[in-house]
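Residue strings, one per chain:
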Amino acid sequence: SIQFGGQKLAAGTYALLTIPGKDEWTVVLNTEKDLWGAFEYKPEKDLFRFKVKPTVAEPVEWMRFSFENLTPNSADLVLRWEKLAIAVPIAVDVNTKALAAARAAIAAAKPDDWRTLNQAASYCLTNNVALEEGKAWLDKSLAIQQAHGNLNTLARWQMKDGRKQEAIATAEKAIATGKASKDKVDTAQTEKLLAEWKAK
């Protein structure tokens, strides 16, 4: 689902209008998508309205819309006009879809597939979601096979939990396991993390 200006928005096509005010602007999302400017605008067709406070910005000659402050699950739709900027926050619930996909992939995985479990666990750790479920996936991955990838995830998890010495020992084991592997394993990121942790 998407939140537009803090309100839930269903998939579809809409008209975006603004009503400038002295201290705040009203942003309008209207269900009539083929409006010709505001001439045919009908307030009764509004899906919702919300208030936004403009901020002073670098002057622009023409009105401009852009997506700014991008993150994996959010962005601001910014209207810039003369010396003002009006930012509308947009948020997308990426985690719900990603976790559903992870659960489906794990359910379909072969019994010896430690990688899928590790990828799902690493996603949980990186995004700070479903941590209990993610830790169970990681434990299962490690029980199948200890490899550079899942040992790296374990080390990061231990560091997140404040268990620095365990994290350092696990990272060292991850690097050694990677270098001893028959596959070409890139241990550079783990080595970088290890150096950072030891320097703390």
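These figures come from a predicted structure and were not determined experimentally.

Chemist: Would you mind going over the overall build of the protein in detail, with residue names and values included?
Modeler: What the protein contains, in helices and strands, is 6 helices and 7 strands. Counting from the amino terminus, the protein carries its helices and strands in the arrangement β-β-β-β-β-β-β-α-α-α-α-α-α. Computed over the C-alpha atoms, the radius of gyration of the protein is 24 Å, more than 25% above the 16 Å expected from 2.2 N^0.38 for a compact globule of 200 residues. Reported as C-alpha extents along the three principal axes, the dimensions of the protein are approximately 70 × 40 × 30 Å. When burial is assessed residue by residue, the protein has 36% of its 200 residues classed as buried. Within the protein, contacts between residues at least 6 apart in sequence are counted, and of these 45% link residues at least 24 apart. Taken as a whole, the protein presents about 12,700 Å² of accessible surface, with 55% of it coming from carbon and sulfur.

Chemist: Just give me the short version of unusual backbone geometry, but keep the residues and values in it.
Modeler: Located in the positive-phi region is Glu82, a residue other than glycine, with phi close to 55 degrees. Locating Glu82 in the fold gives a position in strand S7 (residues 74-92). You will see that Asn128, though not glycine, has its phi angle at about 55 degrees, which is positive. Judged by its relative accessible area of 47%, Asn128 is partly exposed.

Chemist: Residues and numbers for the nonpolar core, please.
Modeler: Counting residues in each nonpolar core, the largest one holds 16 residues, and the members touching the most others are Trp137 and Leu138. Taken together, the elements giving at least two residues each to this core come down to helix H1 (94-108), helix H2 (114-127), helix H3 (131-144) and helix H4 (148-160). Here the element with the most residues in this core is H2; it accounts for 5 residues. If near-sequence neighbours (up to four positions away) are discounted, Leu138 is found in contact with Asn118, Ala121, Asn150, Thr153, Leu154 and Trp157. Judged by nonpolar contacts, the second largest core, of 13 residues, contains Leu9, Trp25, Val27 and Phe48.

Chemist: An account of the packing of H3 against H4 is requested, with residue identities and associated values reported.
Modeler: Their axes nearest at 10 Å, the elements H3 and H4 cross at an angle of 140 degrees. When the axes of H3 and H4 are compared, the pair comes out oblique. Crossing of H3 against H4: the hand is left-handed. Contacts from Leu131, Gly134, Lys135, Leu138, Ser141 and Leu142 of H3 reach H4 at Asn150, Leu151, Thr153, Leu154, Trp157 and Lys160. Its residues assigned to classes, the contact of H3 with H4 shows 6 nonpolar, 4 polar and 2 charged.

Chemist: Go over the side chain of Asn30 with me, naming the residues and quoting the values.
Modeler: In this structure, Asn30 sits in strand S4 (residues 25-30). In this structure Asn30 comes out as buried when scored by relative accessible area, which is 0%. A distance of 3.2 Å separates a polar side-chain atom of Asn30 from the backbone oxygen of Lys42. Those residues within four positions of Asn30 in sequence are excluded, and the remaining contacts are Tyr14, Ala15, Leu17, Leu35, Tyr41, Lys42, Lys45, Asp46 and Leu47.

Chemist: Report on the sheet that holds strand S3 (residues 15-19), specifying residues and quantitative values.
Modeler: With antiparallel pairing, the 3 strands of this open sheet are ordered in space as S3-S4-S5. One side of each edge strand has no neighbouring strand; the edge strands of this open sheet are S3 and strand S5 (46-52). Strand after strand, the sheet turns through a mean of 20 degrees between neighbouring axes, direction not considered. Looking at chain direction, S3 and S4 are connected through 5 bridges and run antiparallel. Residue Thr18 lies in a different strand from S4, and its bridge partner there is Val27.

Procedures and definitions
- Residues numbered from 1 in each chain as written.
- Predicted model: local features only at pLDDT ≥ 70, side-chain atom pairs only at ≥ 80, totals over all residues.
- Heavy atoms only, no water.
- Helix = DSSP H or I, 4+ residues; strand = E, 2+ residues; numbered from the N terminus.
- Rg over C-alpha atoms; globule rule 2.2 N^0.38 Å.
- Buried < 20%, exposed > 50% of the residue type's maximum accessible area, 1.4 Å probe, protein only.
- Contact = heavy atoms within 4.5 Å.
- Areas by Shrake-Rupley, 256 points an atom, 1.4 Å probe, with all protein chains shown as cover.
- Core = buried A, V, L, I, M, F, W, Y, C linked by side-chain atoms within 4.5 Å.
- Axes fitted to C-alpha atoms, helices over the stretch in contact; angles between N-to-C directions.
- Parallel < 35°, antiparallel > 145°, perpendicular 65-115°, else oblique.
- Left-handed = near helix turned anticlockwise from the far one by under 90°.
- Nonpolar A, V, L, I, M, F, W, Y, C, P; charged D, E, K, R; others polar.
- Polar contact = N/O pair within 3.5 Å; in protein donor to acceptor, adjacent residues only side chain to side chain.
- Pairing = 2+ DSSP bridges.

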